[in-house]
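Remarks on the overall topology
Spelled out, the chains give:
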Amino acid sequence: DLTLRKLVPAFVRLLGGDAVDGGLTALVAVGRRPLDSDAYRELVRTSLVRHGEPEDAAGFERLRDRFHYHRLDFSAAASEAGPEGTTGPDGYAGLETALRGHGRGLGPTVGRLYYLAAAPEAFEPIVAGLHAAGMLDETGGYRRVVVEKPFGSDLASARALQKSLVDRVPEERLYRIDHYLGKEMVRSLLGLRFGNRIFEPLWNGAHIDHVQISSCETDGVGTRGGYYEKSGALKDMVQSHLLQMLALVAMEPPASFSPDDIRDAKVAALRSATAEPLEDGGCAVLGQYAAGEVEGASVPGYREEALVEADSDTETFAALKVRIATPRWEGVPFYLRAGKRMDRKGTWILVQFRDPVAKPLYAELATVGADRLAVLVQPEEGFFFEVNTMAAGQGFEIERVRMDYCRSCRIGYGTPLAYERLLADAAAGNPSLFVRWDELETAWSFVESVFVSCRNGACGPAPYAAGSAGPAAARRLVEADGRTWWAPEG
Ligand code: BG6
């Protein structure tokens, strides 16, 4: 699903456009199904026609022969029987031969990205298989391993996975995906913060009242109930995407924009982050969607979804109040929320400034709102400032206006897909937008501390109707502080 929906369109655009391609030339899909390359190409074509942009399907037609298929059951242990040459050491030897064949004529060395778009339990066996077959050896060109999420299911399993991977491939060659880091406006946070005089000096508790990071989805878990039952919103969204965005907003200026300096700054921010205990002693408001209506259609509750237990207590919504223990963020709460089957779809970051300095001095300003910077991550990409100005006319009426930059409106189809950016960066050996092990370990520790606080049912997920704004306790979380959740109109 990931390959067809995200990686293939990204690959088609990278190869077909003028964009940087990082030298990518061919994609070899590896799977256990008995297909040949022609049958696989047909699968890709059908998927692009059905789900993709028309430009992607047309682009694929021009690139068909760059797509190949190779059969290998990478989930099967070496000793397990499988069709000859499709499992164990023979399977990997066959893959090596096929890859060499596809690389023939491309030059003296041919780099490879092994992209693990596979079930998480396959990560370790695949890397072990590649290693045993000598396929991680770099004499023939670079050999990097791109690892999808989830990387572990808790702190202990993430550590165990890390250990088993770095025994075979060094950390510098492990590219852990968090596709939010490839999203245009998440990347742009660095430029916005540090590329302008007007932000960085104000980027602290003296001027900022609070920050909100929201990621709302209208979809339910769909066919991923099996995975989601073992995950839930805290692990699926907060541990990864939300904490990454938080780190980019909260971090101190990095020593340079080198991948390691940026990631050092993010790790430091994450180490300073703690979730604040709420009314019931737990550090999160958790919710689970019940049946309801989304975009005019009735939808089932989470417990009625395929592969979900009828009495499941997996959360599909989480909201937290996070404190960053640094002088910069003294007194500034960061409110985070992520949920499925909500009343709207979108991801955005709100930086809410404090009231105007002059507000107490002038009666005319008594009711004016404070400035805000909203970074719209999706579906619209861009940012805007909301500020006060004098309304046209004779009196002293203040009006609120927006200075708006809609990036997606300007660039449209040409806006690079998150995966396009990430694939190009991995091919170019630039790990800036990938998650380093210590970042991930810190993020897992953070989420684990939330789980510990929630033990004994302190945060047991409260039901919320599908198509609503989440459980009432999430509203109380911000209202108790005299604030409200913000969302862009429309
Ligand atoms: C994935 C989660 O990492 O991100 C999914 O596993 C979630 O549950 C998805 O739906 C959201 O990504 P996007 O790009 O659609 O916001």
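Residues numbered from 1 in each chain as written. Predicted model: local features only at pLDDT ≥ 70, side-chain atom pairs only at ≥ 80, totals over all residues. Heavy atoms only, no water.

**A short note on the overall build of the protein**
Scanning the protein from terminus to terminus reveals 14 helices and 17 strands. Over its C-alpha trace the protein gives a radius of gyration of 24 Å, about what one expects of a compact globule, namely 23 Å for 490 residues. Taken along its principal axes, the extent of the C-alpha atoms in the protein is 80 × 50 × 45 Å. Counting every position in the protein, which comprises 490 residues, the buried fraction comes to 52%. The long-range fraction of contacts in the protein, counting pairs at least 24 apart against all pairs at least 6 apart in sequence, stands at 73%. Of the roughly 22,000 Å² that the protein leaves accessible, carbon and sulfur atoms contribute 52%. The average position of the 55 basic charges and that of the 68 acidic charges among the side chains of the protein differ by 2 Å. (Helix = DSSP H or I, 4+ residues; strand = E, 2+ residues; numbered from the N terminus. Rg over C-alpha atoms; globule rule 2.2 N^0.38 Å. Buried < 20%, exposed > 50% of the residue type's maximum accessible area, 1.4 Å probe, protein only. Contact = heavy atoms within 4.5 Å. Areas by Shrake-Rupley, 256 points an atom, 1.4 Å probe, with all protein chains shown as cover. Lys, Arg positive; Asp, Glu negative; His and termini not counted. Charge placed at Lys NZ, Arg CZ, Asp CG, Glu CD.)

**Remarks on the sheet that holds strand β3 (residues 112–116)**
Read across the sheet, three strands follow the order β3-β4-β5 without closing on themselves; strand pairing throughout is parallel. Edge positions in the sheet fall to β3 and β5 (174–176), since each has one partner strand and no second. When the angles between neighbouring strand axes are averaged without regard to direction, this sheet yields 20°. Note: β3 against strand β4 (residues 143–147), five bridges, orientation parallel. Counted as the bridge partner of Leu116 is Val147 from β4. Strands β3 and β4 of the sheet are contacted by helix α5 (residues 123–132), whose axis makes an angle of about 155° with β3. (Pairing = 2+ DSSP bridges. Axes fitted to C-alpha atoms, helices over the stretch in contact; angles between N-to-C directions.)

**What to know about the environment of Leu440**
Summarising the element assignment, Leu440 is placed in helix α13 (residues 437–454). We classify Leu440 as buried; its relative accessible area is 10%. Not counting residues up to four positions away in its chain, the partners in contact with Leu440 are Phe151, Arg176, Gln239 and Val435.

**Considering the state of the cysteines**
In this structure the tally under the stated criterion is two disulfides. Here Cys454 is linked by a disulfide to Cys459, with a sulfur-sulfur distance of 1.9 Å. Handedness of the Cys454-Cys459 disulfide follows from its S-S torsion of about -90°: it is left-handed. Assigned by exposure class, Cys454 and Cys459 land together as buried. Assigning the bonded cysteines of the protein consecutive numbers by sequence position, one obtains the connectivity 1-2, 3-4. As a non-bridged cysteine, Cys283 has Cys454 as the owner of its nearest cysteine sulfur, 6.7 Å distant. (Disulfide = S-S within 2.5 Å.)

**A look at the site of the ligand**
Around the ligand sit Lys149, His179, Tyr180, Lys183, Glu217, Arg224, Asp236, Met237, His241, Lys340 and Gln378, and those are all the residues in its vicinity. For the ligand, an oxygen atom lies 2.8 Å from a polar atom in the side chain of Lys149. Within the side chain of His241, one N or O atom sits 2.7 Å away from an oxygen atom of the ligand. Within the complex, 83% of the 400 Å² of free accessible area of the ligand lies under protein. Looking at the shell around the ligand element by element, the count peaks at three residues for helix α9 (residues 233–250). (Near = heavy atom within 4 Å. Polar contact = N/O pair within 3.5 Å; in protein donor to acceptor, adjacent residues only side chain to side chain.)

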